Amino acid sequence: APKYWNLPPLPRKRALLWCTRLAGVLSLVGTSAIIYHVLKKKRRRKNVYCQLMLGMSILDFFSSIAWVLGTAARPKGVIIPVEGSHGTPTTCMLQGFLFQLAVGSTFYLAALMTYFF
């Protein structure tokens, strides 16, 4: 890599990669708990607040999967080499799609704010 990119050393790159994966795992655990909590009882499934939380959590669950994948979904040997890339163009597009689902959760958040307003 050219010197002007001023990239951090390899151990720092790996630490950053694993920090994002850890955050993704924690997000998966949290959103899974919310999904389970809402789906557990019929009364909660009919509550508007719980329905909004369920929708937002489902979208966050899928975007968390994308965070866990990290750079592993990125194709190896593209223009700028990235540490830990093992994917194909298809896995890269799938990860991009999962990241875009996170945009939908902002609409659920707006609906929650309207609900409490």
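Read on for a plain summary of the structure. (Residues numbered from 1 in each chain as written. Predicted model: local features only at pLDDT ≥ 70, side-chain atom pairs only at ≥ 80, totals over all residues. Heavy atoms only, no water.)

**Quick word on the packing of aromatic side chains**
No. 1: Across all of its chains, the model carries four aromatic pairs by this definition.
No. 2: Taking the centre distance of 5.6 Å and the plane angle of 65° together, the rings of tyrosine 49 and phenylalanine 116 count as edge-to-face. Taken together, the positions of tyrosine 49 in helix α3 (residues 48-69) and phenylalanine 116 in helix α4 (residues 89-116) put the pair 67 residues apart, joining distant regions of the chain.
No. 3: Phenylalanine 116 sits in the exposed class, given a relative accessible area of 59%.
No. 4: Measuring from centroid to centroid gives 5.1 Å for tyrosine 115 and phenylalanine 116, while their planes differ by 80°, and the two rings are edge-to-face.
No. 5: Exposure remark for tyrosine 115: the relative accessible area of 41% places this residue in the partly exposed category.
No. 6: Connected via pairs of aromatic rings, a cluster forms that spans Tyr49, Tyr115 and Phe116. (Phe/Tyr/Trp six-rings, centres within 6.5 Å; stacked < 30°, edge-to-face > 60°. Helix = DSSP H or I, 4+ residues; strand = E, 2+ residues; numbered from the N terminus. Buried < 20%, exposed > 50% of the residue type's maximum accessible area, 1.4 Å probe, protein only.)

**Some thoughts on the packing of helix α1 (residues 10-40) against α3**
When two helices pack together, their arrangement is given by the angle between their axes and by how far apart the axes lie.
No. 1: Put simply, α1 and α3 touch, their axes get as near as 8 Å, and they point 155° apart. Looking at the two axes, α1 sits roughly antiparallel to α3. Crossing angle aside, the handedness with which α1 passes α3 is left-handed. Contacts between α1 and α3 involve Thr20, Arg21, Gly24, Val25, Ser27, Leu28, Thr31, Ser32, Ile34, Ile35, Val38 and Leu39 from the former and Cys50, Met53, Leu54, Ser57, Ile58, Asp60, Phe61, Ser64, Ile65, Trp67, Val68 and Leu69 from the latter.
No. 2: Residue classes in the contact of α1 with α3 are distributed as 15 nonpolar, seven polar and two charged. (Axes fitted to C-alpha atoms, helices over the stretch in contact; angles between N-to-C directions. Parallel < 35°, antiparallel > 145°, perpendicular 65-115°, else oblique. Left-handed = near helix turned anticlockwise from the far one by under 90°. Contact = heavy atoms within 4.5 Å. Nonpolar A, V, L, I, M, F, W, Y, C, P; charged D, E, K, R; others polar.)

**Quick look at a nonpolar patch on the surface**
No. 1: On the surface, Val48, Tyr49, Tyr115 and Phe116 cluster together into a nonpolar patch covering about 410 Å² of accessible area.
No. 2: Elements with a contribution of two residues or more to the nonpolar patch: α3 and α4.
No. 3: Mapped onto the fold, tyrosine 115 is located in helix α4. (Patch = residues over 30% accessible without salt bridge, like charges linked within 9 Å, V, L, I, M, F, W, Y side chains within 5 Å. Areas by Shrake-Rupley, 256 points an atom, 1.4 Å probe, with all protein chains shown as cover. Salt bridge = Lys/Arg side-chain N within 4 Å of Asp/Glu carboxyl O.)

**Digging into α4**
No. 1: Between its terminal C-alpha atoms α4 stretches 42 Å, which fits the 40 Å expected from 28 residues at 1.5 Å a residue.
No. 2: Of the positions making up α4, those classed as buried are Gln95, Leu98, Gly104, Ser105 and Leu112. (Expected span 1.5 Å × (residues − 1).)

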